[in-house]
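# Observations on chain architecture
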Amino acid sequence: SWLSAGISALELQIPLKSPFPINPIKGINIGSLSLVYTPDTAYQPTAFSNAVSAELALPFGFPISIVNAANTFTILFDGAQVGTLNSAYSNSSTELTVVSSGQTVGTVNLTLPPSSLTLANDTQAARKELEDFTSYLTLTNGTAVRLQGASKVVSDTPLGRVILNGIIFDVDSGLLGLSLIHIS
C-alpha cells in the first residue's frame, strides 16, 4: 500500500513532442476583426476580435479541451507581409470529436485580445503595405489573406492539464470588407 500511495503522489514533467510536425491547424476563420487607429498608432493599430475559429485535425484519438491560447499571426495580403499580431493568452472553447484511435477533429473558438499589429519594419514600403491592406478592406467587400504563425495552448486532457507549444500554421483565410455594411 505504501508503494501505491507513493506512485499515486508522483508528479512527472514529461514533454510531449511529436517526432514529426503534425500541423494540426487546417484553417482559420476570422468572423470579424477590429482595427483601432489613433494618430499615435497610425502604423501600429490595435487589433482585436471575439470571432476567430480554427479548424483542427489531430493525429490521436483522445479527448482534448483547449481552454486558453496565445497566438502569433503574420498577415499576408497579395503576397506581402502586412504585419504581425502577438496576442496574450485568452479564453477559448473547443468543439472536438474523436473520430478514431488516430484522429480527433473539430473547431477551437478563440478571442483575440487587444494586440498591436506590428509592421515588419519601419520602412515606407512596410507602411504602404498596411495602407493598401486598410484601403482594400475599407473600399471592397473583403479579401483573401494568408495567416502564418504559431500557437501555444493550455489544454485539458485525460492525462491532466497540458501546455502545447510551437503549434505552427500557414493557412488561407479571409476578411470581410466595409463595403458589405449597408446603412439605411
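So, here's what we can say about the structure. Keep in mind it's a predicted model, so treat the numbers as computed, not measured.

## What to know about the overall build of the protein chain
- When you go through the protein chain residue by residue, the secondary structure sums to two helices and nine strands.
- C-alpha extents for the protein chain along the principal axes are approximately 70 × 35 × 35 Å.
- For the protein chain, with 184 residues in total, the buried portion stands at 34%.
- Taking the intrachain contacts of the protein chain between residues at least 6 apart in sequence as the baseline, contacts between residues at least 24 apart amount to 68%.
- The centroid of the 7 positive side-chain charges in the protein chain is displaced by 7 Å from the centroid of its 12 negative side-chain charges.

## Considering the pattern of salt bridges
- Under the counting rule described, the total for this entry stands at five salt bridges.
- In this structure, the salt-bridge partner of Asp170 is Arg146, at a minimum N-O distance of 2.6 Å. A residue pair is termed long-range when its members are at least 10 positions apart, and Asp170 in strand 9 (residues 160-176) and Arg146 in strand 8 (residues 142-157) qualify at 24 residues.
- In this structure Asp170 comes out as partly exposed when scored by relative accessible area, which is 41%.
- The class for Arg146 is partly exposed, based on a relative accessible area of 28%.
- For Asp156, the salt bridge is made with Arg161, and the minimal N-O distance between the two is 2.8 Å.
- The class for Asp156 is partly exposed, based on a relative accessible area of 29%.
- Here the salt bridges do not stand alone but share partners, grouping Arg146, Asp170 and Asp172 into one network.

## Topic: the nonpolar core
- Counting 30 residues, the largest nonpolar core has Ile28, Ile75, Phe133 and Leu147 as the members making the most contacts within it.
- For this core, the elements supplying multiple residues, two or more each, are strand 1 (25-30), strand 3 (46-58), strand 4 (65-77), strand 5 (80-86), strand 7 (103-118), helix 2 (124-139), strand 8 and strand 9.
- It is strand 4 that provides the largest number of residues to this core, a total of five residues.
- Once residues lying within four places of it in the same chain are set aside, the contact partners of Ile75 are Ala80, Gln81, Val82, Gly83, Leu85, Leu117, Phe133, Val145, Arg146 and Leu147.

## Remarks on the packing of aromatic side chains
- Taken as a whole, this structure holds four aromatic pairs when the rule is applied.
- The interplanar angle of 15 degrees and the centroid separation of 4.4 Å between the aromatic rings of Phe60 and Phe62 together place this pair among those described as stacked.
- A centroid spacing of 5.6 Å and a plane angle of 65 degrees characterise the contact between Phe77 and Phe133, whose relative ring orientation is edge-to-face. In this pair, Phe77 is assigned in strand 4 and Phe133 in helix 2, connecting sequence segments 56 residues apart.
- By relative accessible area, Phe77 is classed as buried at 6%.
- For Phe133, a relative accessible area of 1% gives the class buried.
- Chaining the aromatic ring pairs together yields one cluster made of Phe77, Phe133 and Tyr136.

## Remarks on the pairing of strand 7
- With ten bridges joining them, strand 3 and strand 7 adopt antiparallel strand pairing. Within the sheet, the bridge partner assigned to Ser49 lies in strand 7 and is Leu112.
- Where strand 5 and strand 7 come together, two bridges link them in antiparallel fashion. Bridging across to strand 7, Leu85 finds its partner in Leu117.

## Some remarks on the side chain of Ser155
- Note that Ser155 resides in strand 8.
- With relative accessibility at 0%, the residue Ser155 sits in the buried group.
- If we skip the residues at most four places from it in the chain, Ser155 touches Ile64, Ser65, Ile66, Val67, Gly160, Arg161, Val162 and Leu164.

Parameters at a glance
- Residues numbered from 1 in each chain as written.
- Predicted model: local features only at pLDDT ≥ 70, side-chain atom pairs only at ≥ 80, totals over all residues.
- Heavy atoms only, no water.
- Helix = DSSP H or I, 4+ residues; strand = E, 2+ residues; numbered from the N terminus.
- Buried < 20%, exposed > 50% of the residue type's maximum accessible area, 1.4 Å probe, protein only.
- Contact = heavy atoms within 4.5 Å.
- Lys, Arg positive; Asp, Glu negative; His and termini not counted.
- Charge placed at Lys NZ, Arg CZ, Asp CG, Glu CD.
- Salt bridge = Lys/Arg side-chain N within 4 Å of Asp/Glu carboxyl O.
- Core = buried A, V, L, I, M, F, W, Y, C linked by side-chain atoms within 4.5 Å.
- Phe/Tyr/Trp six-rings, centres within 6.5 Å; stacked < 30°, edge-to-face > 60°.
- Pairing = 2+ DSSP bridges.

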